[in-house]
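What the coordinates show
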Amino acid sequence: MIIVVSLLIILMLISAIAALIFKDLISAVIAACMVSLIASILFYFLHAPDVAMAEASIGAALVTVIFIIAIRRTKRHEE
Amino acid sequence: MRKIFSVILLIIICWGIILSLYKIPFGIPKTKVGEYYLNKGKEETGAANIVTSVVLNYRGFDTLGEVTVLFIAAIGLGAVLATLKKKGKRKVEQASLILYTGCRFLFPLILLFGAYVFIHGHLTPGGGFQGGAIIASAFVLVYLGCRGKRINEVSSKTTESLGGLIFIVIGLIGLAIGGHYFLSNFLPKGELNTLFSAGIIPIIYIAIGFKVGSELAGVIDNLFEES
């Protein structure tokens, strides 16, 4: 159990750093979505299913969609 | 020079955080209120899900504030985007057949799941906010798959206002006849672990579910209208 949780946390950290360094903003948004998704799995493991549902539906789905629409209307690549 | 300065500042902030945190014993509850909710929550509110009993019964007024914050955010976004609105219809590209069919197949199922989540908020994990977000994500699927379909703005605004109104009216009725505080439970609590239990909690969660769902769907609609 502790190994799975540590692996998930390492994956979460990697995707958070990736969201910071990606120049393509769509990829950065997908990496941020990954952070939310893993956070919701971790919430579930920590016996907080209510928070996990909120995180998965808002953090991983709706926020990603809103960011992608905003990027489509502005610029995709960061200088 | 600036980099060295920021590193020094970071070290000072880290040191301050470490100094203030290292003596706190983590994992030991320092207040009695959490224990009280865990022990007495089920009897006092009649809701099997203790999170729901805290969110809607003990801390119902805070939930009203939360709903209001979401409402103000949606209104603000609508006001900002209304100034940019383009006139006239633009040509929309049709989605592929697979996306179209999948959207038409999945949309009612996702709506059903969202409704289940907020109707059973007092029994299983989840509640109005989560169910509303799931319903809004069903509308995202419609905007992606069946392009050109829009939600009816008048009915969505009406649903949203009715949800907020039901919340406040039930809270005020509780203040008037139930007890001495906002949102006191004036309906019979019923049997634990059945659908018709916990008094006003399921009614309020249904209202919040409709309100949050139509609000977030309205936000998505505002954003999609221009892209």
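The paragraphs below set out a description of the structure included in this document. Please read all numbers here as calculations on a predicted model, not as lab measurements.

Of regular secondary structure, chain B possesses eight helices and zero strands. The N-to-C order of helical and strand elements in chain B reads α-α-α-α-α-α-α-α. Taken over the C-alpha atoms alone, chain B extends approximately 70 × 60 × 35 Å along its principal axes. Expressed as a percentage of its 227 residues, the buried residues of chain B come to 38%. For chain B, the share of sequence-separated contacts (at least 6 apart) that also reach a separation of at least 24 residues comes to 68%. With an accessible surface of roughly 13,900 Å², chain B has 71% of that area assigned to carbon and sulfur atoms. For chain B, the distance from the average position of its 21 positive side-chain charges to the average position of its 13 negative side-chain charges is 9 Å.

Counting 35 residues, the largest nonpolar core has Leu62(A), Phe167(B), Ile204(B), Ile208(B) and Ile220(B) as its most contacted members. Elements represented by at least two residues in this core include exactly helix H3 (49-73) of chain A together with helix H4 (60-82), helix H6 (128-145), helix H7 (153-178) and helix H8 (201-224) of chain B. It is H8(B) that provides the largest number of residues to this core, a total of eleven residues. Excluding its chain neighbours within four sequence positions, the residues that come into contact with Ile208(B) are Leu56(B), Thr63(B), Val67(B), Gly128(B), Phe129(B) and Phe167(B).

For the rest of this paragraph, the subject is the layout of surface pockets. Here the second largest pocket defines a volume of roughly 430 Å³. Around the second largest pocket sit 22 residues that line it, and Ala54(A), Ile58(A), Glu66(B), Phe129(B) and Gln130(B) are the ones nearest its centre. Where the lining of the second largest pocket is concerned, the elements lending two or more residues are H3 of chain A together with helix H3 (50-58), H4, H6 and H8 of chain B. Of all the elements, H3(A) adds the most residues to the lining of the second largest pocket, at six residues.

This next bit is on the side chain of Glu160(B). Take Glu160(B): it is sitting in helix H7. Those residues within four positions of Glu160(B) in sequence are excluded, and the remaining contacts are Phe71(B), Lys211(B), Ser214(B) and Glu215(B).

Reading the values: the criteria
- Residues numbered from 1 in each chain as written.
- Chains lettered and ligands numbered in written order.
- Predicted model: local features only at pLDDT ≥ 70, side-chain atom pairs only at ≥ 80, totals over all residues.
- Heavy atoms only, no water.
- Helix = DSSP H or I, 4+ residues; strand = E, 2+ residues; numbered from the N terminus.
- Buried < 20%, exposed > 50% of the residue type's maximum accessible area, 1.4 Å probe, protein only.
- Contact = heavy atoms within 4.5 Å.
- Areas by Shrake-Rupley, 256 points an atom, 1.4 Å probe, with all protein chains shown as cover.
- Lys, Arg positive; Asp, Glu negative; His and termini not counted.
- Charge placed at Lys NZ, Arg CZ, Asp CG, Glu CD.
- Core = buried A, V, L, I, M, F, W, Y, C linked by side-chain atoms within 4.5 Å.
- 1 Å grid on protein atoms, 1.4 Å probe; cavity = no way out; pocket = protein on both sides within 12 Å on 5 of 7 lines; lining within 4 Å.
- Points joined across faces, edges and corners; volume = space filled by probe spheres on them.

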